[in-house]
Amino acid sequence: MRKTCYLAATVLLALSVTLPAQQASQRVRLGDWPELRGPNRDGISRETGLIDSWKLNGENFLWRVPYGGRSTPVVMGDRLYVQNPVGRGPALQERVMALDASTGKVIWEYKVNIYQSDVPAHRIAWASPTVDPETGNIYILTGGAEAIALSRDGKRLWSRSFGEEYAAFTTHGGRTMSPIVDGDLVIVSAAVSNWGSAAARAHRLIGLDKRTGDVRYVSNPGGRPYDTAYAPPTIANVNGLRLLIAPLGDGGVHAIKVQTGEKVWSYIATKRAINTGVAVSGSTVFLSHGDENTEGVELGLVAAIDGSQTGEIKTTKWADRGTEFGYSSPIVDGKRLYQIDNGSMLIAYDTETGKSLWTLPLGSAQKASPVLADGKIFVGNDGGSFFIIKPGADKGEILSRVELPDSTNSCCGSEGTPEQVLGNAAISRGRIFFMSSDAIYAIGSKQPTAPTGFATEEPVVAGSGNPAYLQVSPTELSLEPGQTVKLHARSFDAAGRFLREEKATWTLEGLEGIVADGSVTIANKPIQQAGVIKATVGGLTGEARARVAHPLPWTENFDSYADGAIPPGWANTVPGRLVVATLDGQKVLQKEPLNTIFQRGRTFIGPTNWSDYTFQADVRAPQRRRQMADVGITAQRYSLVLYGTTQQLKIEPWEPETQRTVTVPFAWKPDTWYRLKLRVENLPNGQIRARGKAWAATDSEPAEWMIDKTDPIGNREGAPGLFINAPFGAYLDNFSLSKNQ
């Protein structure tokens, strides 16, 4: 097997690091609905004077515009923001829209591609946007795990591709958690597998500087996830601690300190991911799920736990098992808890005892969560009905039930049935807004009301006492050789409140370079490395993790690695057991045989901002039971993959959306080395061209490209990587990455 290379060069963008600001106050004006579950993240509005009924195109009907989706609208001032799909087939993208709340007129829209994701076309845009009350900026997390910040005018401020940076785990379910904003942080969450100490797959909470996108912390309070999850987090003050409480993909509900990410407690409730949020009353946390419990044989749970505890919580205040609450989150109204089960049955519980007080059937299937305002519950269901309900002590009364028209242009493949309502309602200035599979609706007051005061006004409580936690910011870095960055050591008290920026003692571990007073300069060598930058203040230590990519041109034949080693900084090598091994006397990269969910995955080996480059590699796969692996390489968010069992060669930017995949037949043999070559170019007209070829490694390179894709809405940058689906293992070698000439 020949070892080959190609030459080229590239320069990474410089990392911009700003001085971290202190936590801003938590203040939301009454009338604004900035997040999925409202200003207090509890599904409750303090507005009064809301309508009791409406009719389609009649009484209390304001407008309908044809921009449907799965998510929940949010409102800030006179603007309504939604996240939804746009286009069909090869033109399908995810979109953020700003609309005039009074008319539904589109003010602007921002479109983003989905790439290197397993979320299918009919399940994108499940998350909802979030608006920062302080700056007016809008934050989203896409189906491809890209976090994006937009200005009030719809201009992109920054983005972080966690699908590539952290190899986010996306699935056919499409479940994507909506961001939340707290002070100077925007917090997102996904099941990710990074490198080094964070190499194991986990459903992590990532706190970002809302102005720059720099990572402040990555919190891992739980275990390995069973699946993705979209449960909305909430923030509550419990026992003197300001907690972010989030059900995650590991079947647990977890509490962390909001500003630091430190774990406070966990309660493991089920053997699957949890998609329902929690409700909080005082120190009591109400949780639920719709899957197998950790004990017994019944499916589903609603329970109350004491959220003032720390560590691993083992007991509940009360628990009612046997009712499946898989999607719709609860709300608390004084002494009553309301929640809708999977069969669209609204159930009221006594919050002290867990006793069921009454039930009210609404339909047969439910995803949307109820919203409580003006003593009424507003909610839609999968069957296309929208309800206004008066909950009482002993019964619930349906004040209004409106069936939506049959779907003609569904986001979710449900044409011919009444438009589904899968997201929640938003309450703002006397109006109720909700999204169906086909449209956005506004009902309520013809003129917006003008409520005064604040829905939430929480002043910042200054930290006090001795430092108890040291945070290095930014805490995750992707650097280039010779680059200098400034880091900051920030201390927090025992309650997770910011104290001050500290003058620390700094050291490097596993990195070549120098560090002094927080300024780090990476050695100007064309090598790949990864390590930590530590800050010490008194008895406290904090650290940042940094990986340094080899600049282009770059070749890798793995000869310098020992068997079992992993190249430094590569994302998502550990779960799928991707390690260096010796094969036929040569060092290679082996995807070990693994007949689990981790037999398939994406690994990323370089920066997300590379563009106009070529990736070449050798690949080989065995055959077992007439099956061969699928093995490919990725450049600039396009993958060139040899499919073994079907004997095909494909270029695919977004695998489940098959209309944008280009396929040609290619017969290849098991246990034989083949060479793949992928070239991606940014064309002058704004389009992207991706071309590929494959041939036996012992043969000469074919003169012509075998497969060619021109993408009119293409990806203009992206990380190099690998795509492997190999229950019986696979091998790769002779990597060569070069700038296009």
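Everything that follows concerns the structure shown earlier in this document.
A brief look at the structure comes next. (Residues numbered from 1 in each chain as written. Predicted model: local features only at pLDDT ≥ 70, side-chain atom pairs only at ≥ 80, totals over all residues. Heavy atoms only, no water.)

Backbone phi values are negative for most residues with the exception of glycine, while trans is the configuration of most peptide bonds. In this chain, Ser 473 is followed by Pro 474 through a cis amide linkage whose omega measures -10°. Relative to the helices and strands, Pro 474 is located in the loop between strand S37 (469-473) and strand S38 (476-479). With a phi close to 55°, Asn 239 is a non-glycine residue in the positive phi region. By secondary structure assignment, the location of Asn 239 is in the loop between strand S16 (234-238) and strand S17 (241-247). A relative accessible area of 59% means that Asn 239 is categorised as exposed. The backbone of Asp 517 shows a phi angle near 55°, a positive value even though the residue is not glycine. Here Asp 517 is to be found in the loop between strand S43 (513-516) and strand S44 (519-522). Residue classification places Asp 517 among the partly exposed positions, given a relative accessible area of 45%. (Helix = DSSP H or I, 4+ residues; strand = E, 2+ residues; numbered from the N terminus. Buried < 20%, exposed > 50% of the residue type's maximum accessible area, 1.4 Å probe, protein only.)

Attention now moves to the packing of aromatic side chains. This structure, assessed with the given rule, holds 25 aromatic pairs. Measuring from ring centre to ring centre gives 6.2 Å for Phe 558 and Trp 570, while their planes differ by 85°; the resulting arrangement is edge-to-face. Of the two residues, Phe 558 is situated in the loop between strand S47 (554-556) and strand S48 (578-583) and Trp 570 in the loop between S47 and S48; the sequence distance between them amounts to 12 residues. Since its relative accessible area comes to 0%, Phe 558 is described here as buried. In this structure Trp 570 comes out as buried when scored by relative accessible area, which is 1%. Residues Phe 666 and Tyr 674 carry aromatic rings whose centres are separated by 6.0 Å and whose planes lie at 80° to one another, so their mutual orientation is edge-to-face. Judged on exposure class, the residue Phe 666 and its partner Tyr 674 are both buried. Of note, Arg 545 hangs over the ring of Trp 195, and the distance from its end group to the ring centre comes to 3.9 Å. In this structure, Lys 693 packs its charged tip against the face of Trp 705, placed 4.5 Å from the ring centre. (Phe/Tyr/Trp six-rings, centres within 6.5 Å; stacked < 30°, edge-to-face > 60°. Lys NZ or Arg CZ within 6 Å of the ring centre and 35° of its normal.)

Further remarks concern the nonpolar core. Counting residues in each nonpolar core, the largest one holds 43 residues, and the members touching the most others are Leu 589, Phe 615, Leu 642, Leu 722 and Phe 735. In contact with Leu 589, not counting residues within four places along its chain, are Phe 558, Trp 570, Leu 578, Val 579, Val 580, Leu 722, Ala 730, Tyr 731, Leu 732 and Phe 735. The next biggest cluster of nonpolar side chains, apart from the first, holds 33 residues, and it includes Trp 63, Ala 373, Phe 433 and Phe 434. (Core = buried A, V, L, I, M, F, W, Y, C linked by side-chain atoms within 4.5 Å. Contact = heavy atoms within 4.5 Å.)

Following the sequence through the fold, Thr 72 ends up in the loop between strand S3 (61-65) and strand S4 (74-76). By relative accessible area, Thr 72 is classed as buried at 1%. Here the side chain of Thr 72 touches Asn 424 through a polar contact of 2.7 Å, landing on its backbone nitrogen. Those residues in contact with Thr 72, other than ones at most four positions away along the chain, are Leu 36, Ser 128, Pro 129, Gly 423, Asn 424 and Ala 425. (Polar contact = N/O pair within 3.5 Å; in protein donor to acceptor, adjacent residues only side chain to side chain.)

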